[in-house]
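A look at the structure
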Amino acid sequence: MSERAVAVVDTNVLLNLATPVVDGRPKAPSGGDPLKTLLTAYDIHIPASVLGEVTDATGDDDLLSAAADLVLQAAHHVTTHDVDDRADEPLDYGLDQGEAEGVWLANELEADLFITDEFNTTNYLFTNLALDDRNTLFTTPHILCTLATHEILPVEYVDAALSYYVETKGWDTQYVAQLRQHHFE
């Protein structure tokens, strides 16, 4: 991964990657910073609506707000695009604004990756249909495993992070197990 691949990400990816960094509870994995790693390993692009959604998540005294604050502190490492006036037609797939604009941006930039957390919903299928190159679709657990495979994040950290997300975010256990088997065995 010597040349930084272009990746478009949606809101939940950024918030989920920031969460273990700001989570002071003992169950949070330690020894890595998945948000910082993503921002340095890839050339990250987002639609402005994603930054708006992150901003909307701030202001409370909870884990989500702390994660949003961390993402905003790192926002200078992200290229933000105002796509409101440029997107030909909004995607009518039931995706939220950030996801729909992210798919449009990924297609527009011919991004190497579009990373989403919609893998537990039918939105994953709709996102896949909307992408010009279906090989660009990644999920957050998939990108974490990829970062471990390329020795950018320690395998032990990613393994602990995946368990953390299954417990705290309800990520699909079977999907995560398949990723572990594919990438770590």
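Preceding block: the structure.
Our subject in this report is the structure included herewith. In this text the structure is predicted, and so the values were computed from the model without any measurement.

1. A short note on the sheet that holds strand E5 (residues 137-139)
Judged by pairing direction, the sheet is parallel, and its five strands sit side by side in the order E3-E2-E1-E4-E5 without closing on themselves. The open sheet terminates on both sides in strands that have one partner only, identified here as strand E3 (79-81) and E5. Taken pair by pair, the neighbouring strands of this sheet meet at an average axis angle of 30 degrees, ignoring direction. The strands touched by helix H2 (residues 34-41) within the sheet are strand E1 (5-9), strand E2 (42-47) and strand E4 (113-116), with E2 carrying the most contacts at an inclination of about 100 degrees. Helix H5 (residues 97-109) contacts E1, E2, E3 and E4 of the sheet and is inclined by roughly 130 degrees relative to E2.

2. Describing the nonpolar core
Counting 44 residues, the largest nonpolar core has Val 9, Leu 35, Leu 38, Tyr 42, Ile 44, Leu 113 and Ile 115 as its most contacted members. With sequence-adjacent residues up to four places away left out, Leu 113 is seen in contact with Ala 5, Val 6, Ala 7, Val 8, Tyr 42, Thr 136, Phe 138 and Ile 143. Counting residues in hydrophobic clusters, the runner-up holds 13 residues, among them Val 83, Leu 95, Ala 100 and Trp 104.

3. As for the packing of aromatic side chains
The final tally for this structure, using the stated rule, is two aromatic pairs. Ring geometry for Tyr 165 against Trp 171: centres 4.2 Å apart, planes inclined by 20 degrees, an arrangement best described as stacked. Take Tyr 165 and Trp 171: they sit in the same class, and that class is buried. Feature note: the residues Tyr 164, Tyr 165 and Trp 171 constitute an aromatic cluster, connected by ring pairs.

The rules behind the values
- Residues numbered from 1 in each chain as written.
- Predicted model: local features only at pLDDT ≥ 70, side-chain atom pairs only at ≥ 80, totals over all residues.
- Heavy atoms only, no water.
- Pairing = 2+ DSSP bridges.
- Helix = DSSP H or I, 4+ residues; strand = E, 2+ residues; numbered from the N terminus.
- Axes fitted to C-alpha atoms, helices over the stretch in contact; angles between N-to-C directions.
- Contact = heavy atoms within 4.5 Å.
- Core = buried A, V, L, I, M, F, W, Y, C linked by side-chain atoms within 4.5 Å.
- Buried < 20%, exposed > 50% of the residue type's maximum accessible area, 1.4 Å probe, protein only.
- Phe/Tyr/Trp six-rings, centres within 6.5 Å; stacked < 30°, edge-to-face > 60°.

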